Amino acid sequence: MINLTAESVEQLTAGWRAMVLDRDPDGDVRDLPGVAVRWADCLFPFWNCVTLTETDADLLPHRFAEAADVMRAKQNTGFLWVFEDLVPGLDLDALADRAGLAYAFPGVGMAGDLLPIPEPSHDELTFERVTTDEQLLAYADINSRAYGFPLEAGRDGIGGSALWKKGVHAYLGLKDGVPVTCAGAVETAGRLFVVLVATEPGQERRGYGEAVTRKALFEAGRATGITRATLHATAAGAPVYPRIGFEPNSPLRFYALKG
């Protein structure tokens, strides 16, 4: 039987290792006792990640402090990702507060044995796989606008990446020829890991995000034969994925340094 929280942690640490090293071959991808560092130290905050792997409640205050120390030593901002089910029943916000961290936003890990799926379509969209720098910048800009980051943040994260043009099954959804939504799926530790799903502000609630995620999964599944997929969703995106077949498992809490 799959330990869903352990699977979700592994998908983050394995997937983000590849993303960080793609962005910077000298990126910080250390596995410390109870703390996994995946930090590109770039302008894209999601590529600057620390997550807890500790399951001993007695050691958790020390792990929070260690994670905060790692974050303080970096030039650019990022997040501590905490999977609540690793050590249930603890006041994580209080532990974070004592370490100098503030709660930023919620998320949730999801997974499902959902592939293959039918080839997707949407009456208002056409789909293109990201294979050029121009398409990749469009993908980056959609993410930046959707998450409220400066455009240079997304471009600094994935601009010019060979991995995103070849290894990731990254797709744009275009409305009247203009990119409005995007999603990627990448083979990670025997799963298809869905990454950086976003829709242009003002274009939400039209089924675009679901459609382009289905497209990325359909093509990645067809190419790899993998049947199980995982992802980490923000609260805004979470309602989309159960419609595809994902089941929520471990709740997530994101923390940033105070001030």
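Please refer to the structure higher up on the page.
Residues numbered from 1 in each chain as written. Predicted model: local features only at pLDDT ≥ 70, side-chain atom pairs only at ≥ 80, totals over all residues. Heavy atoms only, no water.

**Student:** Which residues make up the overall build of the protein chain, and what values go with them?
**Tutor:** Secondary structure assignment for the protein chain yields seven helices and eleven strands. In terms of overall dimensions, the protein chain is globule-like: its C-alpha atoms have a radius of gyration of 18 Å, near the 18 Å expected for 259 residues. The principal-axis extent of the C-alpha atoms belonging to the protein chain is close to 55 × 40 × 30 Å. Relative to its 259 residues, the protein chain shows a buried fraction of 54%. Considering the protein chain, the positive charge centre built from 24 side chains and the negative charge centre built from 35 side chains are found 2 Å apart. (Helix = DSSP H or I, 4+ residues; strand = E, 2+ residues; numbered from the N terminus. Rg over C-alpha atoms; globule rule 2.2 N^0.38 Å. Buried < 20%, exposed > 50% of the residue type's maximum accessible area, 1.4 Å probe, protein only. Lys, Arg positive; Asp, Glu negative; His and termini not counted. Charge placed at Lys NZ, Arg CZ, Asp CG, Glu CD.)

**Student:** Tell me about the environment of Arg129, residues and numbers included.
**Tutor:** Structurally, Arg129 can be placed in strand E6 (residues 126-129). Polar contacts involving the side chain of Arg129 include one to the main-chain carbonyl oxygen of Lys166, which spans 3.1 Å. At a separation of 3.1 Å, a polar atom in the side chain of Arg129 contacts the main-chain carbonyl oxygen of Val168. (Polar contact = N/O pair within 3.5 Å; in protein donor to acceptor, adjacent residues only side chain to side chain.)

**Student:** Give a detailed account of the sheet that holds strand E11 (residues 247-257), specifying residues and quantitative values.
**Tutor:** As summarised here, the arrangement of the eleven strands in space is E1-E2-E3-E4-E11-E5-E10-E9-E8-E7-E6, forming an open sheet in which the pairing is mixed. Sheet topology places strand E1 (31-32) and E6 at the edges, where each strand pairs with a single neighbour. Pairing of strand E5 (residues 101-113) with strand E10 (residues 228-234), which is carried by seven bridges, proceeds in the antiparallel orientation. From the neighbouring strand, Ala111 faces E10, where its bridge partner is Thr230. (Pairing = 2+ DSSP bridges.)

**Student:** Describe helix H4 (residues 133-147), naming the residues involved and giving the relevant values.
**Tutor:** Compared with the 21 Å implied by 1.5 Å per residue over 15 residues, the 21 Å span of H4 between its first and last C-alpha is a close match. For H4, every residue scored as buried is listed here: Gln135, Leu136, Ala138, Tyr139, Ala140, Asp141, Ile142, Asn143 and Ser144. Against E6, helix H5 (151-158), helix H6 (162-166), strand E7 (169-175), strand E8 (178-188) and strand E9 (191-199) lie the buried residues of H4. Immediately downstream of H4, the backbone of Gly148 shows phi near 75 degrees, a positive value. (Expected span 1.5 Å × (residues − 1). Contact = heavy atoms within 4.5 Å.)

**Student:** Talk me through the nonpolar core; I want residue IDs and the actual numbers.
**Tutor:** Counting residues in hydrophobic clusters, the biggest one holds 58 residues, and the most contacted among them are Trp47, Phe64, Leu80, Leu101, Tyr139 and Trp164. Considering every element that reaches this core, the biggest residue donor is helix H2 (residues 60-72), with six residues. Ignoring any residue separated from it by four or fewer positions in sequence, one finds Leu101 in contact with Phe64, Ala68, Met71, Leu80, Ala96, Tyr255, Ala256, Leu257 and Lys258. (Core = buried A, V, L, I, M, F, W, Y, C linked by side-chain atoms within 4.5 Å.)

**Student:** How would you summarise the packing of aromatic side chains if you had to cite specific residues and measurements?
**Tutor:** If you walk through the whole model with that rule in mind, you get 19 aromatic pairs. On the numbers, 5.7 Å between centres and 55 degrees between planes, the contact of Trp16 with Phe193 is tilted. Of this pair, Trp16 sits in helix H1 (residues 4-23) while Phe193 sits in strand E9, and the two are 177 residues apart along the sequence. Judged by its relative accessible area of 5%, Trp16 is buried. Residue classification places Phe193 among the buried positions, given a relative accessible area of 1%. (Phe/Tyr/Trp six-rings, centres within 6.5 Å; stacked < 30°, edge-to-face > 60°.)

**Student:** Tell me about the pairing of strand E4 (residues 79-83), and please be specific about residues and values.
**Tutor:** With respect to burial, E4 is a largely interior element, five of its five residues being buried. The alternating pattern of E4 places Phe79, Trp81 and Phe83 and Leu80 and Val82 on opposite faces, both of which are buried. Of the strand pairs in this sheet, strand E3 (residues 48-52) and E4 are connected by three bridges, and their pairing is parallel. Pairing of Cys49 across the sheet is with Phe79, part of E4.

**Student:** Any chance you could break down the side chain of Arg63 for me, citing the residues and the numbers?
**Tutor:** Structurally, Arg63 can be placed in helix H2. Ignoring any residue separated from it by four or fewer positions in sequence, one finds Arg63 in contact with Pro33, Gly34, Val35, Leu52 and Glu54.

**Student:** So, the pattern of salt bridges: which residues are in play, and what are the values?
**Tutor:** Overall, the coordinates contain 21 salt bridges when judged by the stated rule. With a closest N to O distance of 3.6 Å, Glu84 and Arg253 form a salt bridge. With Glu84 in the loop between E4 and helix H3 (92-98) and Arg253 in strand E11, this residue pair connects regions lying 169 residues apart in the sequence. Residue Glu84 is classed as partly exposed on the basis of its relative accessible area of 24%. Using a relative accessible area of 17% as the deciding quantity, one classes Arg253 as buried. What emerges from the salt-bridge pattern is a single network uniting Glu7, Asp113, Arg191 and Arg228. (Salt bridge = Lys/Arg side-chain N within 4 Å of Asp/Glu carboxyl O.)

Bear in mind that shape data such as this cannot, by itself, settle questions of function.
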